[in-house]
Amino acid sequence: MSVTYHIFFLVDLGAGYHIVMERESHCDLGKICAIIESHIPDAILESSIGAELSFILPKEHAHRFEALFNDLEMKKEELGIANFGASITTMEEVFLKVNKLADSETEIQATQSSLSISQREQNKNKSRSMFRNYEGSVIPRLNEIANIKFNTGVSIFTKREMDLSQYGQTIVPYSISGNSVLALNLIKNLKIFLKLKNQELREVQGNVIKYIKESKEYRDFSLTAFSIEVEKNNTVFTILFNNEAYHSAATSLAVFDNVLFMLLSGPNASIKVSNKPQPLPHYGSNIVPTNGSQVVLCLAFGLAVVIGSFCLQTVTERATKAKHIQFVSGVYLLTYWLSALLWDLIYFFITCCFLLGVFMYCGMDAFVTDFHFLDTVMIFMLYGWSVVPLMYLGSLLFSSSTAAYIKLTLFNYFSTVFSIVIHIIMKFYDDDTTHFTRTLMNNVLMVLPSYNFAMSISKFFDDYEVKKLCAEQFQNIYVDCSDSFKKNNVYSFGERGIANFLISSAALGLIFLLLLFCLESTFWNLKNFVFHKIVFNVCKICMNDKKATDSIQVIKEYGDKDVIDERKRVQKLLPRLMAAPLLCNELTKIYYKCPVVKAVRNISLLVPKYECFGLLGLNGAGKTTIFKMLTGEEITTSGVVLIDGINITENIRKIRSRIGYCPQSDPMLSHMTGREVLIMYARLRGVPEPDIGMYVETFLCSMHMETHADKLVHTYSGGNKRKLNTAIALMGKSSVVFLDEPSTGMDPVARRQMWDTVTWICNSGKAIVISSHSMEECEAFCTRLAIMVKGKFKCLGSPRHLKNKFGNIYTLTAKINIDDNEDKLEEFKNFIETNFPGNIINQDHQGIIGYYIPSKGICWGKVFHIMEEAKTLFNLVDYFISQITLEQIFLTFANIDKVKK
Ligand SMILES: Nc1ncnc2c1ncn2[C@@H]1O[C@H](COP(=O)(O)OP(=O)(O)OP(=O)(O)O)[C@@H](O)[C@H]1O
């Protein structure tokens, strides 16, 4: 740091003039001094060396200078003066004197600022006269304020004055031991100086350091402290500074300089000290990072946020089943992931272009100038290539897109930061770590795309900066500009090359993609093997669960003749019915949770072409689970599912293109319009391009969706979403269509239109399996149906068959006034028991009794006759008799199940 002392005089404050004379051989010094003294009594003979004679004239006598100079001019020859001149006293001269004094009598140490002034006792008088000399003549003439600047040459960095008062009022403790004139004078000036600066000077007894240590007040409010020790001839002056304040050292020293200067130049003298920081190296902008690691750290979070977002779509599509529906509609695994990758890389490329703009704006030449933007784009795109498939792999772990986004963003951010930190640590302990350790760490970390990216960007930037500095003004000063740095090829494999990181990124992208395809394609088989073969059998043994999964046992327990017949039919005709659209034999699903959930148990079913099969059941009966198994969304625990003769566990990919599926939730690609969605699925289903428009229009009309066709799907009402999903499921040339509660939320008009469409599709030769809670719906278009209770078929057959089978029942509801006689209720029950053998009581509550009465052999008239008789006998309030409805059949099974519970 260069320092200039900017010095000036204040006339009133009395620094002086030099009058310098060149004397001749006959010069009379006495006469000269007398003339000068006659005009200026305070004049001092400064020096008389050789032919030169010098006097100091105090400034306050300036008004007498004219007379003096005239006098000297006149008597020049007489006095032996060849010529003379005057000059103002410079600050340099003052400091030379101060230093001279300090050299001989003072010792100033840099850190402790210790001044030692030697005073020889025998020279005491001489010294005193010298001091008096200075005090009396020189110092009063040097009443000046010195302004000290630390010059940096650039004015944008503002100076800061090293003034104690900038810290407010502080306490300045001092201690003094011993006695000397110098010490007393210093203290006197210190008092004057601190009073001017509004600081509090406090004398403490003993060791000032001890005081500061023990007193909180001094620790908190004291910035500088002084200790003066007089030992024989030495006066040791120690300045202590509080190193918590940034500028306290310089400020403390400035206080001491001021005091010293006052001692020499009088109480009005002062020195102003201010700093002037040197500007930062100018690399085009003051805000650019200065090394590659900083660049990476600046980029880390932004990139992590962008890259984390690549998992959003994949997780959402998987969670909402949109991905499943796309696969079901015929999308190939490869097509799905490669199109996602392509789209994400385009998006990432746009981000890179934006970043290049930022680099350009910030003046980060390393990434933009001289076609370096091409290198930058290559590094970024290789990073994208390697990290995006990793995000896809990571997304498979999550079922919520928000959780996936947050966790993967954090993973990206911290893996980049840790990569850089580890790199810096390894560089720092370069000498301590063995080559093997470094290579190992490097190779291990290279499996992280963030590490490869961080290293590539960091080394690329550093390489450019070093070359640039070496080519410019900094050559050989701040950086190593040896040939190995200057001629380094950044794309080499060496220590300063990035080739290995780029190759690693390229390879990682490929590996992650292959891993993704492997996982996605073999996951089904793997899951099937693990659960179907291992877990199921192990659990069966461990839980002694044979009874629960043994079909004979289950059927004996809850079986219905039609259900048993269907099972026999499936088993008997299995080899011949291979080509049926849907065939399942002993289909079972157990969720191995705690507790274990047996969702579907031993379902055997055959759905031929042109059949619309209805699944009825209470909530949680297992309908959706059946659909999930039949569409390959869930693996089966046991049993066989054949679609068009293809076993689902063996060839799920082939099966997917043969089914249509409308899941219970709405898997929507919400950023498209309804028409666009239908066009997309029509294409996926293989509808010829020229026919697509017409084909889509037909479905839009049949689902009554024309008015909403061109609206974005996310603006659709619940009912319209169901319509769209049903249409998607019915499209194409699939063999079997699964509709899980398609009419939920549809208005009655739309529902009837949907029934028509389903019937039309069914008549075209497809098999349809539909679940519903509406008996009316099932009666309307199901050719057969089954009622499910707790994962099992309770009854199975066409609606007419079921009605006939279970409709040979009258439902009887009677109300008795039990307030009259409580025994009457029991008597009435006995009466019904006698007259309607085989009845089942289904309700008995506050005098209201309900019965199912077998209608076989009992005609309507007889029933009414008996009931009229009962009305008189038991004083019935009222009674109703009716034939059972499909809904009542359903409720019967549900209630029987509840009763059994
Ligand atoms: N992932 C799962 N883990 C554990 N149990 C499950 C799982 N999915 C479903 N179940 C259970 O399996 C049983 C059948 O559920 P499922 O969704 O198939 O019923 P559902 O007949 O479709 O009901 P709803 O009419 O309400 O749609 C329920 O007891 C349910 O709690």
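Identification of the chain as ABC transporter domain-containing protein from Ovis ammon polii is taken from an unreviewed UniProt entry. The Subcellular location (unreviewed entry) comment attached to the chain in UniProt states, word for word, "Membrane".

Take the sheet that holds strand β15 (residues 597–607) next. Here we have four strands laid out as an open sheet, ordered β15-β14-β17-β18, and antiparallel in their pairing. A single partner strand is all that each edge strand has here, and the edge strands are β15 and β18 (646–647). Strand direction decides the pairing type here: strand β17 (residues 638–643) and β18, joined by two bridges, are antiparallel. Following the sheet pairing, L642 is matched in β18 by N647. Along the sheet, helix α23 (residues 561–573) contacts β14 (582–591) and β15; its crossing angle with β15, the most-contacted strand, is approximately 65 degrees. On top of the sheet, helix α24 (residues 623–630) reaches β14, β15 and β17; it is set at about 115 degrees to β14, its chief contact.

Attention now moves to the site of the ligand. Near the ligand, the surroundings consist of 15 residues, among which G620, K623, T624, T625 and Q664 are the closest. Separating a nitrogen atom of the ligand from a side-chain N or O atom of Y591 is a distance of 3.4 Å. In the environment of the ligand, an oxygen atom lies 3.1 Å from a nitrogen or oxygen atom belonging to the side chain of H773. Relative to its unbound accessible area of 630 Å², the ligand is 70% covered by the protein chains. Secondary-structure elements contributing two or more residues to the shell around the ligand are β15 and α24. The dominant element in the shell around the ligand, judged by the number of residues it contributes, is α24, at three residues. Of the residues assigned to the shell around the ligand, the class counts are five nonpolar, seven polar and three charged.

Packed helix pairs are characterised by how far apart their axes lie and by the angle those axes make with each other. Remark: helix α15 (residues 372–395) packs on helix α18 (residues 449–471), axes separated minimally by 9 Å, with the N-to-C direction vectors making an angle of 170 degrees. Judged by the inter-axis angle, α15 sits roughly antiparallel to α18. Facing α15, whose interface residues are H372, D375, I379, F380, Y383, S386, V387 and L390, α18 presents P449, S450, F453, S456, I457, F460 and Y464. Of the residues in the contact of α15 with α18, the class split is 10 nonpolar, four polar and one charged.

Attention shifts here to the pattern of salt bridges. Per the counting criterion, the structure on display carries 22 salt bridges. We note a salt bridge from E633 to K321, for which the minimum N-O separation is 3.5 Å. Of this pair, E633 sits in the loop between α24 and β17 while K321 sits in the loop between α11 (310–319) and α12 (322–328); the two residues are 312 residues apart in sequence, bridging distant segments of the chain. Note on E633: relative accessible area 22%, which makes it partly exposed. Taking relative accessible area as the criterion, K321 reaches 15% and is therefore assigned buried. The closest approach of N and O atoms between D644 and R658, which form a salt bridge, is 3.2 Å. Taken together, the residues D644 in the loop between β17 and β18 and R658 in the loop between α25 (652–656) and β19 (659–662) connect sequence positions 14 residues apart. For R658, a relative accessible area of 29% puts it in the partly exposed group.

How each quantity is defined
Residues numbered from 1 in each chain as written. Predicted model: local features only at pLDDT ≥ 70, side-chain atom pairs only at ≥ 80, totals over all residues. Heavy atoms only, no water. UniProt positions renumbered as here; feature names shortened; annotations may be inferred. Pairing = 2+ DSSP bridges. Helix = DSSP H or I, 4+ residues; strand = E, 2+ residues; numbered from the N terminus. Contact = heavy atoms within 4.5 Å. Axes fitted to C-alpha atoms, helices over the stretch in contact; angles between N-to-C directions. Near = heavy atom within 4 Å. Polar contact = N/O pair within 3.5 Å; in protein donor to acceptor, adjacent residues only side chain to side chain. Areas by Shrake-Rupley, 256 points an atom, 1.4 Å probe, with all protein chains shown as cover. Nonpolar A, V, L, I, M, F, W, Y, C, P; charged D, E, K, R; others polar. Parallel < 35°, antiparallel > 145°, perpendicular 65-115°, else oblique. Salt bridge = Lys/Arg side-chain N within 4 Å of Asp/Glu carboxyl O. Buried < 20%, exposed > 50% of the residue type's maximum accessible area, 1.4 Å probe, protein only.

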